[in-house]
Amino acid sequence: RGTDSTGIFTVDKLGDVQYYKEIGNPFNIITNKDFQDEVATNFTGKYKIMVGHNRAATKGSISEENAHPFHEGNTILVHNGTLFNHKELKDVDVDSHAIVHAIEEKGYKEAIESLDGAFALIWYDIEKNQLFVSRNNQRPLHIAETSYYYAIASEKDMLSWLLNRGNSIFGASHIPIKEFTANKIYKTVISANGETSFISEDFKEKKVFPT
């Protein structure tokens with residue numbers, strides 16, 4: 001929904017991470033020559049994860065630097081929502097950037113439990129080769145599991161539209177869409193036969209917000 005900036009990060013099958021940021025709407029990323037050359041031409045053959053974000057700025061100026069994703073150390077993250085205590089986490093311009101610092105400095109569970117505000121988060125741990133997802137009850141986040149991939153989006157209707165649109169390529173229409181449960185941290189695990197699934201653990205929210 002946000003049109004202030006757009007960012008995408010990818011993880012290839014070797015676990016290497018790349019990211020792209022542009023001020024403005026998604027077309028600025030899609031038409032970016034580096035993105036076209038590196039990602040768009042061979043997405044299904046090369047990459048195992050792609051995460052995109054559209055920013056509607058609430059904290060910090062509109063700039064390429066302040067676009068999502070934010071990357072520090074082994075953590076790269078996108079965030080939907082607004083925090084009230086981000087300067088307590090890290091003295092940076094954007095609250096979402098402060099979350100990345102908190103995860104790096106405290107570990108993901110302690111960091112999530114220290115957040116005061118609304119959030120839906122997706123982040124990738126480069127060292128552990130794991131994707132993480134978490135939300136509180138102030139922001140939605142939905143998931144659909146197809147035979148080929150997981151698809152995740154904030155808005156259920158948008159996700160449904162995308163799945164139906166992809167039917168001719170992936171046979172992915174009419175897939176049940178579920179909402180991630182609030183106050184849980186989900187992370188990917190890979191089984192002995194190579195299948196990816198999510199496991200979860202509870203977290204204790206810092207503050208109870210009015211709904």
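Residues numbered from 1 in each chain as written. Predicted model: local features only at pLDDT ≥ 70, side-chain atom pairs only at ≥ 80, totals over all residues. Heavy atoms only, no water.

Draft legend 1. Region of interest: the overall build of the protein. Secondary structure assignment for the protein yields eight helices and 12 strands. A burial count over the protein gives 45% of its 211 residues as buried. Sequence separation of at least 24 residues holds for 54% of the intrachain contacts in the protein that already meet a minimum separation of 6. Carbon and sulfur atoms make up 48% of the accessible area of the protein, which amounts to about 11300 Å² in all. (Helix = DSSP H or I, 4+ residues; strand = E, 2+ residues; numbered from the N terminus. Buried < 20%, exposed > 50% of the residue type's maximum accessible area, 1.4 Å probe, protein only. Contact = heavy atoms within 4.5 Å. Areas by Shrake-Rupley, 256 points an atom, 1.4 Å probe, with all protein chains shown as cover.)

Draft legend 2. Quick peek at the sheet that holds strand β6 (residues 120–125). The strand order across the open sheet built from six strands is β4-β5-β6-β7-β11-β12, with neighbouring strands paired in antiparallel fashion. Strands with a single pairing partner mark the edges of an open sheet, and in this sheet they are β4 (70–72) and β12 (196–202). Adjacent strand axes in the sheet meet at a mean angle of 20° when their direction is disregarded. Note: β4 against strand β5 (residues 75–80), three bridges, orientation antiparallel. (Pairing = 2+ DSSP bridges. Axes fitted to C-alpha atoms, helices over the stretch in contact; angles between N-to-C directions.)

Draft legend 3. Representation of unusual backbone geometry. A positive phi is found at N129, a non-glycine position, where the angle reads about 60°. Tracing the sequence through the fold places N129 in the loop between β6 and β7 (130–135). For N129, a relative accessible area of 31% puts it in the partly exposed group.

Draft legend 4. Region of interest: the sheet that holds strand β1 (residues 5–12). The strand order across the open sheet formed by three strands is β2-β1-β3, and the pairing between neighbours is antiparallel. With partners counted over all chains shown, the strands left at the sheet margins are β2 (17–23) and β3 (47–55), one partner each. This sheet shows a mean twist of 10° between the axes of neighbouring strands, independent of strand direction. In this sheet, β2 lies alongside β1 in antiparallel orientation, the contact comprising seven bridges. Across the sheet, T10 pairs through a bridge with Q18, a residue of β2.

Draft legend 5. How the structure looks around the side chain of D95. The topology assignment puts D95 in helix α5 (residues 95–106). One polar contact links the side chain of D95 to the main-chain amide nitrogen of L83, over a distance of 2.9 Å. (Polar contact = N/O pair within 3.5 Å; in protein donor to acceptor, adjacent residues only side chain to side chain.)

Draft legend 6. Expanded view of the packing of aromatic side chains. Following the criterion strictly, the structure yields eight aromatic pairs and no others. Between Y20 and F35, the aromatic rings sit 5.6 Å apart at their centres with planes inclined by 85°, giving edge-to-face as the arrangement. Within this pair, whereas Y20 is found in strand β2, its partner F35 is found in helix α2 (residues 33–38), the two being separated by 15 residues in sequence. The exposure class assigned to Y20 is buried, which follows from its relative accessible area of 10%. (Phe/Tyr/Trp six-rings, centres within 6.5 Å; stacked < 30°, edge-to-face > 60°.)

Draft legend 7. Representation of a nonpolar patch on the surface. Together, M158, W161 and L162 give the surface a local cluster of nonpolar side chains, amounting to about 310 Å² of exposed area. Here L162 is to be found in helix α7 (residues 156–165). Judged by its relative accessible area of 41%, L162 is partly exposed. (Patch = residues over 30% accessible without salt bridge, like charges linked within 9 Å, V, L, I, M, F, W, Y side chains within 5 Å. Salt bridge = Lys/Arg side-chain N within 4 Å of Asp/Glu carboxyl O.)

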